[in-house]
Protein chains: 2
Amino acid sequence: MVQPVIILVRPQLGENIGKAARAMLNFGLTELRLVAPRDGWPNPDAGPTAAGAGIVLDKARVYDTVEDAIADCTHVFATTVRNRDMPKPVATPFEAANQMRGLIAAGEKPAVMFGPERSGMSNDDVALADTVLTVPINPEYGSLNLAQAVILVSYEYFQGASETPAYQPAHTDGLASKKELVGLMEHFESALEAKGFYRSEGRRVTQQRTLRNLLQNAGFSSQEVMTLRGVVKSLDRVRGE
Amino acid sequence: MVQPVIILVRPQLGENIGKAARAMLNFGLTELRLVAPRDGWPNPDAGPTAAGAGIVLDKARVYDTVEDAIADCTHVFATTVRNRDMPKPVATPFEAANQMRGLIAAGEKPAVMFGPERSGMSNDDVALADTVLTVPINPEYGSLNLAQAVILVSYEYFQGASETPAYQPAHTDGLASKKELVGLMEHFESALEAKGFYRSEGRRVTQQRTLRNLLQNAGFSSQEVMTLRGVVKSLDRVRGE
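Residues numbered from 1 in each chain as written. Chains lettered and ligands numbered in written order. Predicted model: local features only at pLDDT ≥ 70, side-chain atom pairs only at ≥ 80, totals over all residues. Heavy atoms only, no water.

Here we come to the pattern of salt bridges. Residue and element names in this part refer to chain A. Here the structure, examined in full by the defined rule, presents 16 salt bridges over all chains. As a salt-bridge pair, E31 and R33 come within 3.0 Å of each other at their nearest N and O atoms. On the basis of relative accessibility, which here comes to 23%, the residue E31 falls in the partly exposed class. Where R212 meets E189, a salt bridge forms, and the shortest distance between an N and an O atom there is 2.6 Å. A residue pair is termed long-range when its members are at least 10 positions apart, and R212 in helix 9 (residues 201–217) and E189 in helix 8 (residues 178–195) qualify at 23 residues. We classify R212 as partly exposed; its relative accessible area is 29%. Here the salt bridges share partners, and the residues they tie into one network are E31, R33, D72 and K109. (Salt bridge = Lys/Arg side-chain N within 4 Å of Asp/Glu carboxyl O. Buried < 20%, exposed > 50% of the residue type's maximum accessible area, 1.4 Å probe, protein only. Helix = DSSP H or I, 4+ residues; strand = E, 2+ residues; numbered from the N terminus.)

Opposite the 47 residues of chain B that make contact, chain A presents 47 residues. For the pairing of chain B and chain A, the buried interface totals around 3600 Å² over both sides, and the portion due to carbon and sulfur atoms is 57%. When the buried area of chain B at its contact with chain A is split by residue, B:N26, B:Y141 and B:Y155 rank highest and sum to 17% of it. Scanning the region where chain B abuts chain A turns up zero salt bridges. Connecting chain B to chain A are 20 residue pairs in polar contact (both at pLDDT 80 or more). Put simply, the parts of the chain that give the side of chain B that touches chain A at least two residues each are helix 1 (14–26), strand 5 (90–91), helix 5 (93–105), helix 7 (146–161) and strand 8 (167–168) of chain B. In terms of residue class, the side of chain B that touches chain A is made up of 26 nonpolar, 15 polar and six charged. As defined by bridge partners, strand 5 (residues 90–91) of chain A adjoins strand 8 of chain B across two bridges and the pair is classed as antiparallel. Looking across to strand 8 of chain B, one finds that A:A91 is bridged to B:Y167. (Contact = heavy atoms within 4.5 Å. Buried area = accessible area lost by both parts, 1.4 Å probe. Polar contact = N/O pair within 3.5 Å; in protein donor to acceptor, adjacent residues only side chain to side chain. Nonpolar A, V, L, I, M, F, W, Y, C, P; charged D, E, K, R; others polar. Pairing = 2+ DSSP bridges.)

The second copy of the chain is related to the first by a rotation about an axis and a shift along the axis. When chain B is fitted to chain A, the residual RMSD is 0.1 Å, and the transformation amounts to a turn of 180° plus an axial shift of 0.1 Å. Here the transformation between the copies is reduced to the relation of a two-fold axis. Of all interface residues in chain B, 100% are interface residues in chain A too; the two copies therefore contact each other through one and the same surface. (Least-squares fit on C-alpha atoms with pLDDT ≥ 70 in both.)

When its domains are assigned, chain A resolves into domain 1 (5–159) and domain 2 (178–240). Domain 1 of chain A and domain 2 of chain A are separated by 58 Å when their C-alpha centres are compared. (Domains from an automatic or database assignment.)

Residue and element names in this part refer to chain A. Taking 1.5 Å as the rise per residue, helix 8 with 18 residues should run 26 Å; its terminal C-alpha atoms sit 26 Å apart, in good agreement. For helix 8, the set of buried residues is L181, G183, L184, M185, H187, F188, E189, A191 and L192. Immediately downstream of helix 8, the backbone of G196 shows phi near 75°, a positive value. (Expected span 1.5 Å × (residues − 1).)

Enumeration over the complete set of coordinates arrives at seven aromatic pairs over all chains. When the ring of B:F27 is compared with that of B:Y155, the centres are 5.6 Å apart and the planes differ by 85°; the resulting orientation is edge-to-face. Of the two residues, B:F27 is situated in the loop between helix 1 and strand 2 (32–35) and B:Y155 in helix 7; the sequence distance between them amounts to 128 residues. Take B:F27 and B:Y155: they sit in the same class, and that class is buried. Consider the rings of B:F197 and B:Y198, whose centres lie 5.4 Å apart with planes at 75°: the pair is edge-to-face. Given a relative accessible area of 11%, B:Y198 falls into the buried group. Here the aromatic residues A:F27, A:Y155, A:F158, B:F27, B:Y155 and B:F158 are joined through ring pairs into a cluster of three or more. In this structure, A:R101 packs its charged tip against the face of A:Y157, placed 5.9 Å from the ring centre. (Phe/Tyr/Trp six-rings, centres within 6.5 Å; stacked < 30°, edge-to-face > 60°. Lys NZ or Arg CZ within 6 Å of the ring centre and 35° of its normal.)

A surface patch of negative charge is lined by A:D64, A:E67, A:D68 and A:D124. With respect to the helices, strands and loops of the structure, A:D64 is situated in the loop between strand 3 (61–63) and helix 4 (66–69). (Patch = residues over 30% accessible without salt bridge, like charges linked within 9 Å, V, L, I, M, F, W, Y side chains within 5 Å. Areas by Shrake-Rupley, 256 points an atom, 1.4 Å probe, with all protein chains shown as cover. Lys, Arg positive; Asp, Glu negative; His and termini not counted. Charge placed at Lys NZ, Arg CZ, Asp CG, Glu CD.)

Turning to the sheet that holds strand 8 (residues 167–168) of chain A, a few remarks are in order. Across the sheet, which stays open at both edges, the eight strands sit in the order 8(A)-5(B)-7(B)-4(B)-6(B)-1(B)-2(B)-3(B) with mixed pairing between neighbours. Each edge of the sheet is formed by a strand with only one pairing partner; in this case those strands are strand 8 of chain A together with strand 3 (61–63) of chain B. The sheet contact formed by strand 4 (residues 75–79) of chain B and strand 7 (residues 131–133) of chain B spans three bridges and is parallel. From the neighbouring strand, B:A78 faces strand 7 of chain B, where its bridge partner is B:V132. Packed on one face of the sheet, helix 7 of chain B meets strand 1 (5–9), strand 6 (110–114) and strand 7 of chain B and runs near 160° to strand 6 of chain B. (Axes fitted to C-alpha atoms, helices over the stretch in contact; angles between N-to-C directions.)

Counting residues in hydrophobic clusters, the biggest one holds 77 residues, and the most contacted among them are A:L8, A:L32, A:F114, B:L8, B:L32 and B:F114. What A:F114 contacts, discounting residues up to four positions off in sequence, is A:I6, A:I7, A:L8, A:V9, A:T79, A:M121, A:L146, A:A149, A:V150 and A:V153. Among the nonpolar cores identified, the runner-up in size contains 18 residues, and A:V35, A:Y63, A:V76 and A:V126 belong to it. (Core = buried A, V, L, I, M, F, W, Y, C linked by side-chain atoms within 4.5 Å.)

Moving on: helix 9 (residues 201–217) of chain B. All names here are of chain B. Taking 1.5 Å per residue, 17 residues should reach 24 Å; helix 9 reaches 25 Å between its end C-alpha atoms and fits that length. Considered for burial, the residues of helix 9 that qualify are R204, Q207, L211 and L215. Along the long axis of helix 9, the arc covered by the buried residues comes to 80°, so they all point the same way. The exposed residues of helix 9 that point more than 90 degrees off its buried face are G202, R209 and N217. As for helix 9, its buried residues are in contact with helix 8 (178–195). Following helix 9 by one or two positions, G219 adopts a phi angle in the positive range, close to 70°. (Arc of directions from axis to C-beta.)

Pasting the structure below:
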C-alpha cells in the first residue's frame, strides 16, 4: 500500500534516526529515506533506540542530495518551525495528513522532509517543497525534537486512516433495558418507603424523580443493575437476618 | 487558566519524567503530578531531558496514592493500551481533548493518568477513572513509550485550542490580479507566436488554452508574475541583443 515517505535530511545522531523509525512504525509507516546522514549509514547507534522497528532501518535508503531523495515523489512537505519569507502554503500535521491521503488516493506519492536536529531545513531545501508543514506549538517554549516531529506527523496520518471510533461507550452490548432500569428504581423506592426516607407526601414526587434521573443517567449495564439490586436487597435486610 | 492535569503513576526513570515535562510544555501544559515515583523526588535525571521545561518539574506535586493525586479532579482519563474487561468508555486522544475542553469550559477539572513504563496502569487504578484513553496504533507493532503518549495527549489538547488555521495559502496578500495574469498569458502568446510555437491555426486555440490554464492554476503572486514576465522577455531576446 502506498504510504507517505519520511525523509530525514542530514540527520546528525544515529539514535535519533532509530527513534524516528520507532515513531514511524508505531503508526504503520515504513518507508524511510536518509539524505547524507552525518555519521554515515548504517549507524550502530540507531538500532537500540529503534526498539523493534529495525525493519524500517533495514529498508532505509540513503541519498546524497534532497533532489535525489524526492525524485520519484510528486508532493513534498517540508517540516519547519521558522517562517522563511518564502511564499509557500503552510499546513498543520492534521491538514497535511488529510492532503496526503487525498494525494495517495489519486495515485500520487507524497513525502515529508525533516531537517537536521540543530539547524532544521535549509532554505534551499524548503524551496523544493510544495507545502510547509508546521506543528502549532506553545509560542513561549517550542522545543520539539526530531523524533517528536516525526511521531506527530505519523500519528496524524494513521488517525485519519484508523477505523477506531473516537468514542466507544462503556457497554457495547449488555446495556440495561428500560424495564430492568425501572425495576431497579421501584426496588429502591419500595425499600426507601419502608425506611421512612420520604419526609412528606409533598416531597416524595421530587425525591423519586431525582433518584430516578440519576439512576437513568448512569448508563448501567444489565449486570450492573443486578449488582445494585443485590446491594439494595442487602441494605434493606434487618441486620443478621 | 484551568488546564488538564497530567499524572504519572509510579514512573520509573527520572529521564522519562523530564521528557514528559518537555512534551507537556511544548503544548502549553504545566500541571504535573507524580504518584510514588520509584526513585523519589526530586530526581537529578529529570532536569537534563526536560530541556528547558524545568518550570514544569519545579511545580510538580508528589502524592503517595492515585486516590490522593486525583482527589480534586472531577473527570479522570486513564491511558492504557490493553483491554481490561472492565466496562469503561474508551476515547481517542482527539476525542479526549474535545471532552476535556468541554469539561473545563463547564468548570470541571480533568486529569490524564499514565502508568509506569514497564507495566502500564494497574486495574485498580483504571477502575478509578471515568474514561480509558487509548491511542489507535499499528496493531502489528505498538511500542509507544511514556513521553510519546504524553506528547500525543498534550498535542491534541493544544491543537483544539490553537487558532492556527489548518491551511494557510502561499500568498496571504499579494496574489496576482486576473489583469496581471492575463497580461502574462498574452506576453507568452505573442512571444511564442513570433517563434512559430503554434503548429497550425487549428491547434492554436487548444495550445493557448492549455498554457492559460496552467498559468491560471499556479497561484502566482503579483511579484511572481513580474518575475515570469522578465523571464519571457529575456528568452524572447535575440542572443546578445
